[in-house]
Amino acid sequence: YELQYRRVGAADWQDGSYGDWSSATVELTLPDGTYETRVRGVTADSQEQTTYTPPALFFTVGVDLKATVEDITHSSASVLLNGRFAGTAGWTATLSAGGTDLFSQVVPVTQKRHTFTNLQPNKVYTVRVLDPTSQMDFEEISFITLPFATPADGMFDRSGISAMWKVNQADQRVTFSLMTDEQSPWLGVGISDDMLMTQSDIITGFILPSGHISVQDRWADGRVRPAIDSSSSQVGEVRGTLLNGTTRISFSLPCHSDDTQDRPLAGSNYLLFAVGRMHSGQIQYHRNNRYFTPQRVTIDCGTVEEPPPSLPMVTSTNTSGEFVSASARATWEVDYYAQVVNFVLRSKLGDWQGIGIANQPAMFPADIITGYVNASGVQIQDRFASAHAKPAVDASSQVTNAAGRRDGPWTEISFSLPCFSTDENDIQVDGEHYLLFAIGDLTDGDISYHTMHHRGVSPLININCSEVPAAPPTTPPPLDCDKTRFVPQGALDVFNGEWCVNPFNQRVHFTLRTSIVDGWVALGVSHDRKMVSSDIITGRIVNSRSVVEDRYARVYRLPEVDSSSQLQDEETSVVDGWLEVSFSLPCTSSDMSDVSVYGDHYFIFATGVMESNELYYHQQRWITPRPVHIECIPDNRTAVPSASTTPDTPPTAATTASTQDPTDSAHEAIIEPESIRTSISSTFTLTCRQTSRDFLVSFEWRRTDGKDLPIDRYTVTGLRGEILTIRDAQEDDSTGYRCEATSFVFGLLTDVAEVVVGDGGITTTSSPAISTTTSSMLSVSPSVTSSPVTTEIPATPEPSTSGIRVYKNLVVSWSADPDRGHVNFVMRSNLPNHWMGMGISNDDKMVFSDIITAFLSPFDGKPIVQDRYATRYGVPELDESSQISNVDGGLVNGHMRISFQLPCMSADDKDIPVSGQHYLLLALGPLMGDDIQYHANLRKVTDKINVHCYVEKPLTPSVPAVVTTAAPTTAPSVPGTSGSFTNPLDNYRVSWRVHDDGSGVGMTLSTTHDGWMGFGISDNQLMTDSDIITAHVESGRAIVEDRWAKGHYHPEIDSSSQVSGVSSRQSDGWTSVSFTLPCSSDDSQDIGLRGDHWFLFAVGRVQGNILPHTQNNMWVSRTPVSISCDPDATPSTTSEPPVTSSALLTIQPSSRDVSAGDSLSLVADYSTDFNISISWMRNGVQFFNTPRVMIPEESIGVQFNPVLLSDAGEYTLTITSLVDSTSVTASYNLTVEPRIIPITVMPQSSSANVGDLITLRAHYTLAPGDEVVRLTWRPLMPITQHRYFVGGEHGSVLTIAPVQAGDAGHFTCEIETLHGRGISHTFLDVVSPQTDPITPRPDSDVCDDTSCA
């Protein structure tokens, strides 16, 4: 035979290659192009003998075409064809929009470019490129025209990037628009003075896959990646789109900037443009994709912006004022007593709001405060404007009492500014000023340009902070408040100090005196009597000038000066030959380098000399013998007496006694009204207030019956959420409503109001008064008592199911549920960009503590709670087995609140059980991304707590568990003189034997475990009230300790040990400790061995002086063990009887039709009464908990959620006695029926010509949680041919190109998922140009789920 060929469109056939009919292949060597071929049979002399068969086939050689759309404007775009082209009749470019073809153009083969005109601006179009000869689609490209309908001020266009810019003289800004078709690109524009990248102002922008648009202000110091501008960015009005591979980003820049790393746009500059790829969120080298304007570009910004429009003043006095417009409101009010001005801004436009204080009606120079509310809470920044550009953030913020919330379309922020500020970048609020107002959008989490329409200025106003209110609420106490004096023993002629609390302004006033007139004197506030991590105040006189400095000691050397001082009232003088230094400190401080004076701290005093007018090493220092208690109580109420700091003198009061009723609370929460009776469908409102002057308060509302508030009918309003409103009241709303006011000074304050709706189902008493409960739960002494006596915290606290501890900006509260076996924790802080830490420790040290860290993710605002374990002083490592559950939280009025649950007891050997007595460690620290950083001095060890959580009780035989034992038999075993115990793993053994003279019982504990061994004697099967012996070997020495367990937690060492004859040995991997216990003891914390008792056994690992064990490493004897100490008794041996002989074990359900995707529980049904351990095996291999297949602790079974096809197999359950190590097994054969997965191949039947390209697509539907395992196409011939292409998600698309006659027939697509299988068929009919179409398949052809007949 002969294989002939010709180019498409040519008239004559060309001789090709010859082959024998027995050969499989002939080869042709052809130049690039599109061809058709035919085969003819020939004789040896090349004479034709047969007709052409099969019909002519098309194929293409060497075609490498690519179409691109370039030169896109608001009204035109060009399509360009690149590469080798096979057709001879030209190519077709079709333009469509919205799925409708607009027009089509056949372009000559010699022309590789075609331009479409008369397009609409900012509209999406699609271009299809087709070779009319081979009928092959080369490209389908979508693009969007530019949004500018009028010519721009400037334009730049290259193959990789297009740019436009336009000047807005009114706003004094220039808007840039950059566009590229590159994949995953960044785009950049630079302002240069010399066409070089070095020393250029660079702006880069990109769009992340999440859709987030990022535009960054950078500065290029060289030919490397430009650094992000260290000062504030001047970029505004950021916009961007990513459509069909085209990236467009626009933004605006100010014409003028005073930033040293910005170049002014106004004037003549070279503009640089570049485009590159992104990798891991970073811009990469642009390579050759960078361009610059050939000459300088002149940008004419015209004159500077006009002054902002004046706002109408609604009300204004010297102490308050208000501006109101249709979309914004601003109010301010002077607080004479706190010497601050309180501002409240409300707006329903834009993202951020700002207020400025200026001496003239212009933006600069001005003190600017901006604020907004986002997912992380309220963000308020102190700024300073020195130009018509984004004001820079002030390094030292004077803003206090920041709060914010969203109320429908309105955003409200509030804050306070001091009347007088020492910051050089602040303008004093007191006096005559203009107030500036502005609203704008956020870009990359920062404020952007407000535009000229969203700004305004007030008339000249006078804010007077010295004007005393007509009727002040109370008279400030005199400065000579009752003082506490400290005189070190033996230093009467060298040093003395005194302090007093001024509760009116929440400050503590100190006076320090030293006889070293030319030296210095210092005060330190410390948690632990050490200089490191202490807040230090030093005072001295240098060249007749007073120098009082706030410092912080990080190490044992000269403490460094704090960049943000909280000092006030500083004075120095020389009186009667003594240096006297006075100052005041705030009771609480938000400065990370301060230790708040409020609470209990040691005071460190020191004196020394100076060298070259600088501090030199102290000559003498003194430390208070115990912590000094400082109580700051507002409103001139009674205070707790301060602890005496001089051993020889009695305590003195910290404040002057009040004339009010001594039963009044110094601080409380009050709900108004106290009770409400209302009708159905009405609206009622409750308002909660707290009587202290603490601004750091957040309010939460709860129902006392435990139900949730009606989510669709209630709103919480007010500055901090203090107002609760419920609409359309129903009878179910009849209950008590509790207000929880969390004060970061006074702890948790609560009050309850009763509401009756209709009848309400509430039985009322004859008295209409509603009782309320107000409590302050601090870890320190009560702030108000009926008599001025300091309350001492008991050494052993009483068990309690709830409690609260407060430390600086952290509040931790808990509530235990002993019946359910868990503890609910809530952690709160007003530092949302920090992490909160809580540690459970048995010895008040961080090492070997169970640590919980909690914070809000800086990326999505979701709460993150981590279980950690501290093996050293450093960042505690994450526990791979977390016991945390029910995590919830977020920002509430700018305060971080996170709640979670911990189990009372834990099976994790890295956890310390919450139940029992522990020290609580509290800490705060900064975040770096989602990683916790060092807490520095923000940590505290609280007093010991005693959480009543775990209720010990033996479980009934029907609900067995590892850690308990069944009820005892009716009669104990016969008294014996010896016995033994071996745990199921045979790595712990206990043996005992009564001495021949009956004086005691010899015990031997042996283990291969690298830790401690425990033996207990109990009268109730429980650890509580048990006599415990622990033993371990340390450095070759046996340590045996007699202990007493008061609860289900770490037993305390007995003050009087009855253990004797201690020895130890090590042999063949076993460590043994032997000792003797008396048969009887008169120690109240001992249980004598004589008689009948349950024996307890446990092993664990040593952690300092902590001996924890897991639930899996403790055992209890099945029955009481009877020991006879009578020397005349007949020796016998006590041992545990076999327990598995009567065990009947089955697995339920015995049978069930299970389909993949179902939920299934296998539960063991057995009859036995012994302590057990369990293990599950699948097909002979042991398996453990996974998120989908769980082995719950509360029952013996396996839970599948859901069942997968791969779960099928034989499951074997083994239950082993913890007494005699005997076991019993049961098996279950799990069969999983696959689900039918709906799948359809489209088109279900089709017809194609020889040479066509055809695509088959499989469409399928998966249930939630199901995933595709594999998808397979099965045509009638192997798909390994070079014409078959499988693509799409999971291979769901089959493409044949070009189609040949042999492709006709059935095609099958089979899908296999985690839940089941599916199959679909289609039929392909191939039409040959020179033969009749293939006869359609007869009606008898039938396709089932496996084949076609």
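Residues numbered from 1 in each chain as written. Predicted model: local features only at pLDDT ≥ 70, side-chain atom pairs only at ≥ 80, totals over all residues. Heavy atoms only, no water.

Looking now at the overall build of the protein chain. Of the regular secondary structure elements, the protein chain holds 0 helices and 103 strands. For the protein chain, the residues scored as buried account for 50% of the 1349 residues in total. Taking all contacts inside the protein chain whose residues are at least 6 apart in sequence as the whole, residues at least 24 apart take part in 58%. Total accessible area on the protein chain stands at roughly 62,700 Å², and carbon and sulfur atoms take up 50% of it. (Helix = DSSP H or I, 4+ residues; strand = E, 2+ residues; numbered from the N terminus. Buried < 20%, exposed > 50% of the residue type's maximum accessible area, 1.4 Å probe, protein only. Contact = heavy atoms within 4.5 Å. Areas by Shrake-Rupley, 256 points an atom, 1.4 Å probe, with all protein chains shown as cover.)

In total, this model carries 3 disulfides according to the counting rule given. Paired by a disulfide, Cys255 and Cys301 hold their sulfur atoms 2.1 Å apart. The sign of the -85 degrees torsion about the S-S bond sets the Cys255-Cys301 disulfide as left-handed. With Cys255 in the loop between strand E20 (246-254) and strand E21 (267-279) and Cys301 in the loop between strand E24 (297-299) and strand E25 (313-316), this residue pair connects regions lying 46 residues apart in the sequence. (Disulfide = S-S within 2.5 Å.)

A negative phi angle is the norm for most residues apart from glycine, just as the trans form is the norm for most peptide bonds. Residue Pro365 follows Phe364 across a cis peptide bond; omega there is -10 degrees. Relative to the elements of secondary structure, Pro365 occurs in the loop between strand E29 (352-358) and strand E30 (366-374). Residue Pro1243 is reached from Met1242 by a cis peptide bond, and omega for that bond is -5 degrees. With respect to the element layout, Pro1243 can be found in the loop between strand E96 (1239-1242) and strand E97 (1245-1249). With a phi close to 55 degrees, Arg287 is a non-glycine residue in the positive phi region. Assignment of secondary structure puts Arg287 in the loop between strand E22 (282-283) and strand E23 (290-292). With phi around 55 degrees, Asn401 is a residue other than glycine that occupies positive phi space. Checked against the element boundaries, Asn401 lands in strand E33 (residues 400-407).

Bringing the sheet that holds strand E48 (residues 578-586) into the picture now. The antiparallel open sheet is built from 5 strands, whose spatial order is E40-E41-E42-E48-E47. Here the strands that pair on one side only, and so sit at the sheet edges, are strand E40 (484-486) and strand E47 (568-575). Taken over all neighbouring pairs, the strand axes of this sheet differ in orientation by 15 degrees on average, direction set aside. Pairing analysis gives 8 bridges linking strand E41 (residues 495-502) to strand E42 (residues 507-514), with the strands arranged antiparallel. The partner of Trp499 across the bridge, within E42, is Phe510. (Pairing = 2+ DSSP bridges. Axes fitted to C-alpha atoms, helices over the stretch in contact; angles between N-to-C directions.)

Moving on: the side chain of Ser582. Within the element layout of this structure, Ser582 appears in strand E48. Exposure remark for Ser582: the relative accessible area of 16% places this residue in the buried category. Here the side chain of Ser582 touches Thr511 through a polar contact of 3.3 Å, side chain to side chain. For Ser582, the contacting residues outside a window of four places in its chain are Phe510, Thr511, Asp569, Glu570 and Glu571. (Polar contact = N/O pair within 3.5 Å; in protein donor to acceptor, adjacent residues only side chain to side chain.)

Scanning all chains against the criterion turns up 31 salt bridges. Between Asp1158 and Arg1235 there is a salt bridge, with its nearest N and O atoms 2.6 Å apart. Taken together, the residues Asp1158 in the loop between strand E86 (1154-1155) and strand E87 (1160-1167) and Arg1235 in strand E95 (residues 1235-1236) connect sequence positions 77 residues apart. In this structure, Asp1207 engages Arg1178 in a salt bridge whose closest nitrogen and oxygen atoms are separated by 3.8 Å. Here Asp1207, found in the loop between strand E91 (1197-1200) and strand E92 (1209-1217), pairs with Arg1178, found in strand E88 (residues 1172-1178); they are 29 residues apart in sequence, far enough to count as distant. Using a relative accessible area of 26% as the deciding quantity, one classes Arg1178 as partly exposed. (Salt bridge = Lys/Arg side-chain N within 4 Å of Asp/Glu carboxyl O.)

Turning our attention to the environment of Ser142. Considering the arrangement of structural elements, one finds Ser142 in strand E11 (residues 136-144). For the pair Ser142 and Val127, spaced 15 residues apart in sequence, the C-alpha to C-alpha distance is 6.3 Å. If near-sequence neighbours (up to four positions away) are discounted, Ser142 is found in contact with Tyr125, Thr126, Asn244 and Thr246.

Turning our attention to the side chain of His1321. Tracing the chain through its elements places His1321 in strand E103 (residues 1316-1327). What makes His1321 buried here is its relative accessible area of 16%. Reaching out from His1321, the side chain makes a polar contact with the side chain of Thr1308 at a distance of 2.9 Å.

Okay, the nonpolar core next. In this structure, Val823, Phe825, Met838 and Phe900 are the most contacted members of the largest nonpolar core, which totals 32 residues. The set of elements that each furnish at least two residues to this core consists of strand E61 (810-817), strand E62 (822-829), strand E63 (834-841), strand E64 (849-856), strand E68 (895-903), strand E69 (916-928) and strand E71 (939-947). If near-sequence neighbours (up to four positions away) are discounted, Phe825 is found in contact with Val812, Ser813, Trp814, Met838, Ile898, Ser899, Phe900, Leu902 and Val914. (Core = buried A, V, L, I, M, F, W, Y, C linked by side-chain atoms within 4.5 Å.)

Our next topic: the sheet that holds strand E52 (residues 669-672). Think of a sheet as strands paired side by side through backbone hydrogen bonds, with each pair either parallel or antiparallel. The strand order E52-E54-E57-E56 describes an open sheet built from 4 strands, whose pairing is antiparallel. Across the chains shown, the open sheet's two edge strands, defined by having one partner strand only, are E52 and strand E56 (714-717). Neighbouring strand axes in the sheet, compared pairwise and without regard to direction, differ in orientation by 20 degrees on average. Looking at chain direction, E56 and strand E57 (residues 723-726) are connected through 4 bridges and run antiparallel. From the neighbouring strand, Tyr714 faces E57, where its bridge partner is Ile726.

What the rule picks out here adds up to 24 aromatic pairs. When the ring of Phe684 is compared with that of Tyr737, the centres are 6.0 Å apart and the planes differ by 65 degrees; the resulting orientation is edge-to-face. In this pair, Phe684 is assigned in strand E54 (residues 684-690) and Tyr737 in strand E58 (residues 735-743), connecting sequence segments 53 residues apart. A relative accessible area of 0% places Tyr737 in the buried class. Aromatic side chains Phe981 and Tyr988 sit 6.4 Å apart centroid to centroid with 70 degrees between the ring planes, which places their arrangement in the edge-to-face category. Residues Phe981 and Tyr988 agree in their burial class; the two are buried. Taken together through their ring pairs, the aromatic side chains of Phe486, Phe495, Trp499, Phe510, Phe583, Phe603, Phe605 and Trp622 make up a single cluster. (Phe/Tyr/Trp six-rings, centres within 6.5 Å; stacked < 30°, edge-to-face > 60°.)

Below, the discussion takes up the environment of Arg277. With respect to the helices and strands, the residue Arg277 is situated in strand E21. Classification of Arg277 as partly exposed rests on a relative accessible area of 47%. Not counting residues up to four positions away in its chain, the partners in contact with Arg277 are Gln183, Ser184, Trp186, Gln282, Ile283 and Gln284. A distance of 2.9 Å separates a polar side-chain atom of Arg277 from the backbone oxygen of Gln183.

A few words on the confidence of the model for the protein chain. In the predicted model, the protein chain carries a mean pLDDT of 76, and 77% of its residues have values of at least 70. A low-confidence stretch, residues 471-478 stays under pLDDT 50, and its non-local contacts, those more than four residues away or across chains, total 7 contacts. The low-confidence segment residues 953-974, where pLDDT is below 50, has 52 contacts with residues more than four positions distant or belonging to other chains. (pLDDT = per-residue confidence, 0-100.)

Bringing the pairing of E21 into the picture now. Two elements, strand E15 (residues 185-192) and E21, share 8 bridges in a ladder whose sense is antiparallel. Paired with Ser192 across the bridge in E21 is Tyr270. Where E21 and E24 come together, 3 bridges link them in antiparallel fashion. Its bridge partner lying in E24, Ser268 is registered against Thr298. Where E21 meets E23, 3 bridges bridge the pair, whose relative direction is antiparallel.

As a further point, take the environment of Ala923. Summarising the element assignment, Ala923 is placed in strand E69. Other than its neighbours up to four places away in sequence, Ala923 contacts Leu810, Trp835, Met836, Gly837, His935, Leu938 and Arg939.

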